[in-house]
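Listed below, chain by chain, are the residues.
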Protein chains: 2
Amino acid sequence: MQIKSAHEVEAKVVEMEGASGTTMRLLIGPGDGAPNFNMRLFEIAPGGHTPLHSHPWEHEVYVLSGQGAVRTPAAEKAVSGTDCVFIPPGEQHQFANTGRQPLRFLCLVPRDSG
Amino acid sequence: MQIKSAHEVEAKVVEMEGASGTTMRLLIGPGDGAPNFNMRLFEIAPGGHTPLHSHPWEHEVYVLSGQGAVRTPAAEKAVSGTDCVFIPPGEQHQFANTGRQPLRFLCLVPRDSG
């Protein structure tokens, strides 16, 4: 068993083109011995967003706090705490903070993604 | 994209031998098209616990709220909101509510776990 507080994990700025005001903490990943998937915690500042992009792996997301929007070619939908979001492989998507507080969410991906 | 509130998902009582006061919501799984891993939300009532057991797959856990303990043969450790826990494949483990409020946590497992 390994236990850590999310606050102990270094928050790295997401430098990817198209990202703004976004940090990521790798909570559980290969360094912990996780064999199949990675748990990451994202925090987006008010006005910030992740890139509008697509990739061949899925996202499983749980919104912890804040107000945001998830944008795909088909729709823009509001999300807030306790919402869970499934983005299937290959679907273009973007997460944006539409509120006044940080938007915090877990986003899990397969181990061998990106 | 699929979005749902965790509250919309049916909470099923965990009937497994050794479980007490525990419900599980399958937030994201095969029915959503999730190809690799499942997101579940557990809620354990005060005094309740999951079975003390082991299995060949891992757990990736994020504690949302409440006070609890994670027990393994090596240790018993306290957990609360923002703690994340990795239980490797094959390690015996049990989650227990040691507080006065519900203990709520996400627990993700590979898709083909039992």
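Quantities reported herein were computed from a predicted structural model and do not represent experimental measurements.

Rules behind the numbers
Residues numbered from 1 in each chain as written. Chains lettered and ligands numbered in written order. Predicted model: local features only at pLDDT ≥ 70, side-chain atom pairs only at ≥ 80, totals over all residues. Helix = DSSP H or I, 4+ residues; strand = E, 2+ residues; numbered from the N terminus. Rg over C-alpha atoms; globule rule 2.2 N^0.38 Å. Buried ≥ 20, exposed ≤ 12 C-beta atoms within 10 Å, placed from the backbone. Least-squares fit on C-alpha atoms with pLDDT ≥ 70 in both. Contact = placed C-beta atoms within 7 Å. Pairing = 2+ DSSP bridges.

Undergrad: Whenever I open this one, the overall build of chain A confuses me. Can you help?
TA: A tally of helices and strands in chain A yields zero helices and ten strands. When its helices and strands are written in sequence order, chain A yields β-β-β-β-β-β-β-β-β-β. Here the C-alpha atoms of chain A give a radius of gyration of 14 Å, agreeing with the 13 Å that 2.2 N^0.38 yields for 114 residues. Projected onto its principal axes, the C-alpha positions of chain A cover 40 × 30 × 25 Å. For chain A, the residues scored as buried account for 36% of the 114 residues in total.

Undergrad: Would you mind showing me how to read the relation of the copies chain B and chain A here?
TA: Superposition of the two copies of the chain requires a rotation about an axis together with a shift along that axis. With an RMSD of 0.0 Å, the fit of chain B onto chain A corresponds to turning through 180° and sliding 0.0 Å along the axis. The superposition operator between the copies reduces to a two-fold rotation axis. By residue overlap, the copies meet face to face through one surface: 100% of the interface positions of chain B are interface positions in chain A.

Undergrad: Would you take a moment to explain the environment of Phe-42 of chain B for this structure?
TA: All names here are of chain B. Mapped onto the elements of the fold, Phe-42 is located in strand S4 (residues 37-49). For Phe-42, a count of 22 C-beta atoms within 10 Å translates into the label buried. Residues Phe-42 and His-59, spaced 17 residues apart in sequence, show a C-alpha to C-alpha distance of 12 Å. With residues near it in sequence (within four places) discarded, Phe-42 still touches Thr-22, Met-24, Phe-105 and Cys-107.

Undergrad: What am I meant to see in the pairing of strand S3 (residues 20-28) of chain A here?
TA: In regular strands, side chains alternate between the two faces of the sheet. Residues and elements named next belong to chain A. Summarising the sheet, strand S2 (residues 12-13) and S3 pair through two bridges and their orientation is antiparallel. Bridging from a neighbouring strand, Val-13 pairs with Thr-23 of S3. The hairpin turn running from S2 into S3, its antiparallel successor, is six residues long, and Gly-18 in that turn takes a positive phi close to 95°.

Undergrad: Can you walk me through the interface of chain B and chain A in this structure?
TA: Interface extent is often summarised as the accessible area lost during association of the parts. Taken together, the contact pairs 37 residues of chain B with 37 residues of chain A. Only strand S1 (2-5), strand S3 (20-28), S4, strand S5 (59-65), strand S7 (76-80), strand S8 (83-87) and strand S10 (103-110) of chain B provide two or more residues apiece to the side of chain B that touches chain A. Ranked by residues supplied to the side of chain B that touches chain A, first place goes to S8 of chain B with five residues. Of the strand pairs in this sheet, strand S8 (residues 83-87) of chain A and S1 of chain B are connected by four bridges, and their pairing is antiparallel. What sits directly across from Asp-83 of chain A, in S1 of chain B, is Ser-5 of chain B.

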